[in-house]
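Residue-level structural notes
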Amino acid sequence: VCLSIKHPPDVDFDHPLIFDSDTILEMDHSPRKVTIIGAGVIGCEYASIFGGLGCKVELINPHGSLLSFLDTEISDALTYHLRNLGVRSRHNERYTKVEYHDDCIVTYMESGKKIKSDIVLWAIGRTGNTQDLDINNIGLKANSRGQLSVNRQYQTDTDNIYAVGDVIGWPALAGAAYDQGRAASNAIVDPDECSPVE
């Protein structure tokens, strides 16, 4: 089960200058200035890509630092290197609304700032793609983000069903999912010998 992108109702994703992390792959022109709303792993990845391509990038981060789950020195180094690529990290900022024009998008921030850019990339809010799986028929219930809860051996509330990767939430990274899958398969094969993953 992969993640689907959560679109807020107040953002018009049908506008040709608004993208998400899936539709950005279909972009057919080169923007000069990009606003990225969301500074998680996906937002930072795209910020480095666009910065490396010579674009000016405004990276809107609702938190106090980039990828705050990392060590502070690593987070600071990431901010420094992104700045060298032309990426301005705007920490503790949130958008309030988006204004649409034929040739640009203006993003209004809670702080009162307005950011004009050629495109906006939405990189906040991914949900577990569980809505069409009828999981309630097997005794499972997803949270508001479509994610399943698991114990330390990746076992769901239904004893014979295990879940790993994006559908269980943070950190939702491929390397973590690989280790989770290995731990879950060990628990399935030999539950008595399996020690919980810390």
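So, a few notes on the structure that sits alongside this text. (Residues numbered from 1 in each chain as written. Predicted model: local features only at pLDDT ≥ 70, side-chain atom pairs only at ≥ 80, totals over all residues. Heavy atoms only, no water.)

1. Let's talk about the overall build of the protein
To be explicit about the condition: The numbering of helices and of strands both runs from the N terminus, where a helix is a DSSP run of H or I of at least 4 residues and a strand a run of E of at least 2. The rule is simple: take the accessible area with a 1.4 Å probe, protein chains only, and divide by the maximum for that residue type; under 20% is buried, over 50% is exposed, in between is partly exposed. Note on definitions: a residue-residue contact is assigned when non-hydrogen atoms from the two residues lie within 4.5 Å. Only the protein chains shown count as covering a residue, and every accessible area follows the Shrake-Rupley method with a 1.4 Å probe.
Within the protein, the secondary structure is distributed over 3 helices and 10 strands. Written out in order from the N terminus, the α and β elements of the protein read β-β-β-α-β-α-β-β-β-β-β-β-α. Along the three orthogonal principal directions, the C-alpha set of the protein runs to about 60 × 40 × 30 Å. The proportion of buried residues among the 198 residues of the protein is 41%. Sequence separation of at least 24 residues holds for 53% of the intrachain contacts in the protein that already meet a minimum separation of 6. Within the structure as shown, the protein displays about 11,500 Å² of accessible surface, and the carbon and sulfur contribution to it stands at 50%.

2. Observations regarding the side chain of E93
As a reminder of what qualifies: Whenever a nitrogen or oxygen atom comes within 3.5 Å of another N or O atom, the pair is scored as a polar contact, on the condition that within protein one atom can donate a hydrogen and the other can accept it, and that pairs from neighbouring residues in sequence are kept only if both atoms are in side chains.
As for its placement among the helices and strands, E93 is situated in the loop between strand 5 (87-90) and strand 6 (95-100). Reaching out from E93, the side chain makes a polar contact with the side chain of S111 at a distance of 2.7 Å. E93 has contacts with I60, N61, P62, M109, E110, S111 and K113, leaving out every residue within four places of it along the chain.

3. With respect to the sheet that holds strand 4 (residues 56-60)
This is how the line gets drawn: Pairing between strands is defined by DSSP: at least two bridges between the two strands are required. Axes, fitted as lines to C-alpha atoms, cover a helix only where it is in contact. Angles between the N-to-C directions of the axes lie from 0 to 180 degrees.
On the basis of which strands lie adjacent, the open sheet formed by 5 strands has the order 2-9-3-4-5 and parallel pairing. The sheet is open, and its two borders are formed by strand 2 (18-20) and strand 5, each paired with just one other strand. Across the sheet, the mean angle separating the axes of adjacent strands is 20° when strand polarity is ignored. The pairing of strand 2 with strand 9 (residues 119-122) spans 3 bridges and is parallel. The residue of strand 9 that forms the bridge with D20 is W122. Strands in contact with helix 1 (residues 41-52) are strand 3 (33-37), strand 4, strand 5 and strand 9; relative to strand 4, the strand with the most contacts, it is inclined by about 170°.

4. Regarding unusual backbone geometry
Despite not being glycine, L67 has its phi angle at roughly 45°, a positive value. As for its position among the elements, L67 is in the loop between strand 4 and helix 2 (72-84). You will see that N92, though not glycine, has its phi angle at about 55°, which is positive. Its place among the elements puts N92 in the loop between strand 5 and strand 6.

5. Focus: the pattern of salt bridges
Heads up, the condition is: Salt bridge, as used here, is a side-chain nitrogen of Lys or Arg placed within 4 Å of a carboxyl oxygen of Asp or Glu.
The final tally for this structure, using the stated rule, is 6 salt bridges. A single network of salt bridges, built from pairs that share partners, joins K33, E58, R88 and R90.

6. Here we look at the sheet that holds strand 7 (residues 105-109)
Two pairing modes exist for strands in a sheet, parallel and antiparallel, and in both the strands are linked by backbone hydrogen bonds. One open sheet holds the 3 strands; their spatial order is 6-7-8, and the pairing between them is antiparallel. The strands lining the two open edges of the sheet, one partner per strand, are strand 6 and strand 8 (114-117). Here the strands of the sheet are splayed against their neighbours by 20° on average, with no regard to which way each runs. Note: strand 6 against strand 7, 5 bridges, orientation antiparallel. Directly across from Y100, in strand 7, lies its bridge partner I105.

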